[in-house]
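# Remarks on the overall topology
One letter stands for each residue in the lines below.
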Number of protein chains: 2
Amino acid sequence: MADAEALLAQSHVLEHAAPLALDGGQALTGVRVAYETYGTLNADKSNAVIIFHALTGDQCVASPHPITGKPGWWVRMVGPGKPIDTDRFFIICANVLGGCYGTTGPASLGPDGQPYAMRFPVITIRDMVRAQVGILDALGIEQLHAVVGGSMGGMQALSFAANWPERTRAALVIASTARHTAQNIAFHEVGRQAIMADPKWKGGDYYAGGKGPDKGLAVARMAAHITYLSEEGMHEKFGRKLQDRTEKTFGFDADFQVESYLRHQGLSFTDRFDANSYLYITRAMDYFDLAEEVAGGEGGGRLADAFRASKARFCLVSFDTDWLYPTAESRTIAHALNAAGAPVSFVELSAPFGHDSFLLDVPALDRVIAGFLKQ
Amino acid sequence: MADAEALLAQSHVLEHAAPLALDGGQALTGVRVAYETYGTLNADKSNAVIIFHALTGDQCVASPHPITGKPGWWVRMVGPGKPIDTDRFFIICANVLGGCYGTTGPASLGPDGQPYAMRFPVITIRDMVRAQVGILDALGIEQLHAVVGGSMGGMQALSFAANWPERTRAALVIASTARHTAQNIAFHEVGRQAIMADPKWKGGDYYAGGKGPDKGLAVARMAAHITYLSEEGMHEKFGRKLQDRTEKTFGFDADFQVESYLRHQGLSFTDRFDANSYLYITRAMDYFDLAEEVAGGEGGGRLADAFRASKARFCLVSFDTDWLYPTAESRTIAHALNAAGAPVSFVELSAPFGHDSFLLDVPALDRVIAGFLKQ
């Protein structure tokens, strides 16, 4: 199946000719954006859909992962006859700015031929979107049929609809939020400190040789991974079950299945992700506050004002077991969209998988997405 | 106030003459238990109360902390005329086995004169209680007026009531649980991996000189600390407020107050806690499952059976914002006590501080404790 899907995908790289002006005040030259497309752009270029990926995602939404070889992260959703139908839509999915799958990020070479590392500028969610708007410009796509994203992808979808209000007819935001809360920031800060505490991080200059801060990155991933699952889901999946043993060892091995699972999640993550990218992308998420952005400073903005100019239809989806971006966050967005007079549908789906529900087998989500995009 | 309280405290060390038989099958020789007492034991030795401390607590429940000099961790609850009234009760609070405040733990010297480090046996909550029962034996206290504990202290109180059913007339269990869930284990495993990932941990053999794995321990503490606070409480206290600045720096400094707060929590913790103790105590908590213990093996036990022999009155207190050991965990214990025919009162208190509510200004808790102990 992965091979069949792969045939549908085309890989591209956009090179930004002009420097990309960033929210932090700097301009980044020579920005490259790696992206995949699926399906065919129609004659009037009206059937394009951008899918924005989440924190540790990539552009291979429905094609095999370049490192692990696993099927694309949303292959259940994107393909012929699937909810995001490649027979009907022209799908674009780009690696985010700051990422490590071909788009310019901290591992990329700067103008001096050395990796940026921590000289890479701190970016925002809007900067990520900015880099991807360049794809639309290059392809001559005036207006998208829709923008779609879950989690950090949803933040980008919101940012796109707010900042480029004429350029999409619809925005589908799943398991996301209009701003990072103190608890969201706190978990990310633990991850960053875990990476920075690893002596192999070397202030970010670990690209020259040997391994990077794999141990710190694994701990960061473990901490984050807990927030992606629900307490109930973990209980059902693991409970207090032991791993390949019948009795506790009275030692520090991974006696419990949940320990073994988390260790595996941490270790395998280091094979496919750059630690500095993790720092920059989590920072962008923590900085995200759409209301604040509208106000042009710290605090005080009204979220509704972010959507005043938008002509898009919105669809918001939350999951009842998601405690990372709980339903209340989507409700806040729905209220703001109502206040701005934007058409919005909002549904909380019941699914046991916590935040990760948007990536997993939740047939109700398939129906919501298919229905919303068909309009 | 701290000085006045200090006058009431007496410091003691119990030396176990016999080896302490542990749940893991080993026997630990030369066990020392450091404890404080407050108030006066009456003539018939009927007014003694044990307070069990939590994961990172210590015996200085109402006397200045030996390292930080701060007032005792429950000074609001323990003292003359306070809910745990030192004018009326003889209070005992001991550092747990595996701890780092005078009771035998991984930093203690083994029979060969070298620190145990990771040669220290893995212990259980029941082993911690066992070491403290020795204090009662030494003082000739047949039966306690009550055992009291919050969080891990509550686990010890439950273990005491279940395993030494004749030796207390009452058990007060606050913000606790009868078993660690998959999510509880997961958070602890992140902390342990953070410590073990620090090269200064050196397989536990860091006592000889220099600093231990402070960076790893700080990360462990940061991750754990998030679980002690409620999302709402963090939002109210920190929100997205910036730390000593008016604009985001577009860097990796602690821009947000919550980052600064967490970093401080992590760093200051390393001044007062031994990393190996953190490993052993979290392991004991993860192993805790009172129903499983009763069944004598892995899984399958009935929690009610743990309390069949108990003659004690029970009081269970949970907090509505505690997501570490949420109310449902206390309810499970209440149901088991009901099934065992034990007298039990159970109250969920409303407080904004999450799990840490048991340590903070929650007047309703003061009233519950005072009322329960007066009976």
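Given the structure is predicted, the values throughout are model-derived calculations rather than measurements.

## As for the overall build of chain A
- Looking only at helices and strands, chain A features 12 helices and 12 strands.
- Taking 2.2 N^0.38 as the reference for a compact globule, 375 residues should give roughly 21 Å; the C-alpha atoms of chain A span a radius of gyration of 20 Å, in line with that estimate.
- C-alpha atoms of chain A, sized along the principal axes, occupy 65 × 50 × 50 Å.
- Within chain A, the fraction of its 375 residues that count as buried is 62%.
- Across chain A, the fraction of contacts at a sequence separation of at least 24, relative to all contacts at a separation of at least 6, is 71%.
- With the model as given, the accessible surface of chain A reaches about 13300 Å², and the carbon-plus-sulfur share is 52%.
- In chain A, the 33 positive side-chain charges and the 41 negative ones have mean positions that sit 1 Å from each other.

## Focus on the interface of chain A and chain B
- At the junction of the two partners, chain A supplies 57 residues and chain B supplies 57 residues.
- Surface buried jointly by chain A and chain B totals about 4900 Å² across both partners, of which 67% is contributed by carbon and sulfur atoms.
- At the boundary of chain A and chain B, one finds 14 salt bridges.
- By residue number, the principal contributor to the side of chain A that touches chain B is helix H4 (residues 182-197) of chain A, which donates 12 residues.

## Notes on empty space enclosed by the protein
- Counting across every chain of the model gives 1 cavity of 30 Å³ or more.
- Volume-wise, the largest cavity comes out at about 90 Å³.
- In terms of lining residues, the largest cavity is bounded by 13 residues, among which Ala 194, Ala 197 and Asp 198 of chain A together with Ala 194 and Ala 197 of chain B are the most central.
- Here the lining of the largest cavity is built from residues that sort into 7 nonpolar, 2 polar and 4 charged.

## Regarding the sheet that holds strand S1 (residues 9-15) of chain B
Residues and elements named next belong to chain B.
- Across the sheet, 8 strands lie side by side as S1-S4-S8-S5-S9-S10-S11-S12; this open sheet has mixed pairing. The strands lining the two open edges of the sheet, one partner per strand, are S1 and strand S12 (344-349). Averaged over all neighbouring strand pairs, the angle between strand axes comes to 20°, with direction disregarded.
- The strands touched by helix H11 (residues 327-339) within the sheet are strand S11 (313-319) and S12, with S11 carrying the most contacts at an inclination of about 165°.
- Contacts from helix H12 (residues 363-374) reach strand S9 (146-150), strand S10 (170-174), S11 and S12 within the one sheet, and its direction differs from that of S11 by about 175°.

## So, H12 of chain B
- Its 12 residues place the ends of H12 of chain B 17 Å apart at the C-alpha level, agreeing with the 16 Å of an ideal helix rising 1.5 Å per residue.
- Within H12 of chain B, burial applies to Leu 365, Asp 366, Ile 369, Ala 370, Phe 372 and Leu 373 of chain B.

## Examining the side chain of Ser 277 of chain A
Residues and elements named next belong to chain A.
- Mapped onto the fold, Ser 277 is located in helix H8 (residues 275-287).
- Polar side-chain contacts of Ser 277 include one of 3.2 Å to the backbone oxygen of Gly 99.
- Setting aside chain neighbours within four positions, we find Ser 277 in contact with Gly 98, Gly 99, Cys 100 and Pro 106.

## A look at the sheet that holds strand S12 (residues 344-349) of chain A
All names here are of chain A.
- Reading across from one edge, S1-S4-S8-S5-S9-S10-S11-S12 is the order of the 8 strands in this open sheet, with mixed pairing throughout. Both edges of this open sheet fall to strand S1 (9-15) and S12, since each of them pairs with a single strand only. The average angle at which neighbouring strand axes cross in this sheet is 20°, direction not considered.
- Note that strand S9 (residues 146-150) and strand S10 (residues 170-174) share 4 bridges and pair parallel. Across the sheet, Gly 150 pairs through a bridge with Ile 174, a residue of S10.
- Against the sheet, helix H2 (residues 125-139) makes contact with S1, strand S4 (32-38), strand S5 (48-52) and strand S8 (90-94), and its axis sits at roughly 145° relative to S8, the strand it touches most.

## Focus: the relation of the copies chain A and chain B
- Laying chain A over chain B is done by rotating through 180° and shifting 0.0 Å along the axis; what remains is an RMSD of 0.0 Å. Taken together, these values place the two copies in the relation of a two-fold axis.
- Most of the interface of chain A is mirrored in chain B, where 100% of its interface residues again form contacts.

## Remarks on helix H7 (residues 257-272) of chain A
- Counted at 1.5 Å a residue, the expected span for H7 of chain A with its 16 residues is 22 Å, and the 23 Å between its end C-alpha atoms agrees.
- Listed as buried for H7 of chain A are Val 258, Glu 259, Tyr 261, Leu 262, Gln 265, Gly 266, Phe 269, Thr 270 and Arg 272 of chain A.
- Of the surrounding secondary structure, the elements contacted by the buried residues of H7 of chain A are helix H5 (214-228), helix H6 (231-237) and H8 of chain A together with helix H4 (182-197) and helix H8 (275-287) of chain B.

## Concerning the nonpolar core
- Ranked by internal contacts, the top residues of the largest apolar core, which has 198 residues, are Leu 97 and Phe 307 of chain A together with Leu 97 and Phe 307 of chain B.
- Not counting the four nearest positions on each side in its chain, Phe 307 of chain B is found in contact with Leu 158, Ala 162, Leu 290, Phe 314, Ile 333, Ala 336, Leu 337 and Ala 340 of chain B.
- Counting 33 residues, the second largest nonpolar core, distinct from the first, contains Val 49, Met 77, Cys 315 and Ile 369 of chain A.

## Some remarks on a negative patch on the surface
Residue and element names in this part refer to chain A.
- On the surface, Glu 232, Glu 236, Asp 320 and Glu 348 cluster together into a patch of negative charge.
- Note that Glu 236 resides in helix H6.
- On the basis of relative accessibility, which here comes to 60%, the residue Glu 236 falls in the exposed class.

## Quick word on the UniProt feature "binding site: substrate" (unreviewed entry) in chain A
All names here are of chain A.
- UniProt records the feature "binding site: substrate" (unreviewed entry) for Arg 221 and Asp 356 in the present numbering. Spatial clustering of the annotated residues is evident: they stretch over 136 residues in sequence, but the largest pairwise C-alpha distance comes to 14.0 Å.
- Of note, Arg 221 is situated in helix H5.
- Arg 221 sits in the buried class, given a relative accessible area of 8%.
- Under the relative-accessibility criterion, Asp 356 is labelled buried at 14%.
- Aside from chain neighbours lying at most four places away, what touches Asp 356 is His 225, Tyr 228 and Leu 229.

## Quick notes on unusual backbone geometry
- Non-glycine residue Phe 250 of chain A carries a positive phi angle of around 50°.
- You can see Phe 250 of chain A is positioned in the loop between H6 and H7.
- The class of Phe 250 of chain A is partly exposed, set by a relative accessible area of 26%.
- Although it is not a glycine, Lys 202 of chain B adopts a positive phi angle of roughly 55°.
- Along the chain, the position of Lys 202 of chain B falls in the loop between H4 and helix H5 (214-228).

## Quick look at the packing of H4 of chain B against H5 of chain B
All names here are of chain B.
- Here H4 crosses H5 at 165°, and the two axes come no closer than 7 Å. Taken as axis vectors, H4 and H5 run roughly antiparallel relative to one another. For H4 against H5, the interelement crossing comes out right-handed. Contact residues: H4 offers Phe 187, Val 190, Gly 191, Ala 194 and Ile 195, while H5 offers Gly 216, Leu 217, Val 219, Ala 220, Ala 223 and Thr 227.
- The class makeup of the residues in the contact of H4 with H5 is 8 nonpolar, 3 polar and no charged.

## As for the packing of aromatic side chains
- Considering all chains together, one arrives at 32 aromatic pairs over all chains under this definition.
- Seen in terms of ring centroids, Tyr 280 of chain A and Phe 252 of chain B are 5.0 Å apart; in terms of plane orientation they differ by 85°. Their pairing is edge-to-face. One end of the pair, Tyr 280 of chain A, is in helix H8; the other, Phe 252 of chain B, is in the loop between helix H6 (231-237) and helix H7 (257-272), on a second chain.
- Ring centres 6.4 Å apart and planes at 85° place the aromatic pair Phe 273 of chain B and Tyr 278 of chain B in the edge-to-face group.

About the cut-offs
Residue numbers restart at each chain and count upward from 1, following the sequence in its written direction. A letter from A marks each chain and a number from 1 marks each ligand, given out in the order of writing. Two thresholds apply to this predicted model, a pLDDT of at least 70 for residue-level local features and 80 or more for giving and counting side-chain atom pairs, whereas whole-chain, interface and lining totals are computed over all residues. Hydrogens are left out, water is left out, and the side-chain values use all remaining heavy atoms of the structure. Starting at the N terminus, helices and strands are each numbered in turn, a helix being any DSSP run of H or I of at least four residues and a strand any DSSP run of E of at least two. Both definitions apply: the radius of gyration is a C-alpha atom measure, and the globule rule equals 2.2 Å times residues to the power 0.38. Here's how the labels work: a residue is buried when its accessible area is under 20% of the maximum for its type, exposed when over 50%, partly exposed in between, all with a 1.4 Å probe on protein chains only. A contact between two residues is defined here by any heavy atoms of the two lying within 4.5 Å. Note on areas: Shrake-Rupley, 1.4 Å probe, and residue coverage restricted to the protein chains presented here. For the purpose of charge, His is not counted, nor are the chain termini; Lys and Arg are scored as positive and Asp and Glu as negative. Taken as the charge location is NZ of Lys, CZ of Arg, CG of Asp or CD of Glu. Two parts placed together each lose some accessible area under a 1.4 Å probe, and adding up what both lose gives the buried area. Salt bridges are defined as contacts in which a side-chain nitrogen from Lys or Arg sits within 4 Å of a carboxyl oxygen from Asp or Glu. Both site types are read off a 1 Å grid over the protein atoms alone. A 1.4 Å probe that fits but cannot get out defines a cavity, while an open set with protein on both sides within 12 Å along at least five of seven lines defines a pocket; lining residues have an atom within 4 Å of a point. Grid points are joined across faces, edges and corners, and a volume is the space filled by probe spheres set on the points. Residues are grouped as follows: Ala, Val, Leu, Ile, Met, Phe, Trp, Tyr, Cys and Pro are nonpolar; Asp, Glu, Lys and Arg are charged; every other residue, Gly included, is polar. Strand pairing is defined by DSSP finding a minimum of two bridges between the two strands. Lines fitted to C-alpha atoms define the axes here, with helix axes fitted over just the stretch in contact, and angles between the N-to-C directions of these axes take values from 0 to 180 degrees. Here, expected helix span is obtained from the residue count minus one, scaled by 1.5 Å. Polar contact is defined as a pair of N or O atoms within 3.5 Å, subject to the rule that within protein one atom must be able to donate a hydrogen and the other to accept it, and that residues adjacent in sequence are counted only when both atoms are side-chain atoms. The atoms used to superpose the copies are C-alpha atoms, taken from residues with pLDDT of at least 70 in both, and the fit is least squares. Nonpolar core, defined: a set of buried Ala, Val, Leu, Ile, Met, Phe, Trp, Tyr and Cys residues in which side-chain atoms within 4.5 Å join the residues together. Patches in this entry comprise residues that are over 30% relatively accessible and not in a salt bridge; like charges within 9 Å are linked, as are nonpolar side chains (Val, Leu, Ile, Met, Phe, Trp, Tyr) within 5 Å. UniProt positions are given in the numbering used here, feature names are shortened, and annotations may be inferred rather than shown by experiment. Here the angle decides the label: under 35 degrees means roughly parallel, over 145 means roughly antiparallel, 65 to 115 means roughly perpendicular, and every other value means oblique. Should the near helix be turned counterclockwise from the far one by less than a right angle, the crossing is left-handed, whereas a clockwise turn marks it as right-handed. Stacked, tilted and edge-to-face are the three classes assigned to paired rings of Phe, Tyr and Trp, where Trp is represented by its six-membered ring and a pair needs centres within 6.5 Å; plane angles under 30 degrees give stacked, over 60 edge-to-face, the rest tilted.

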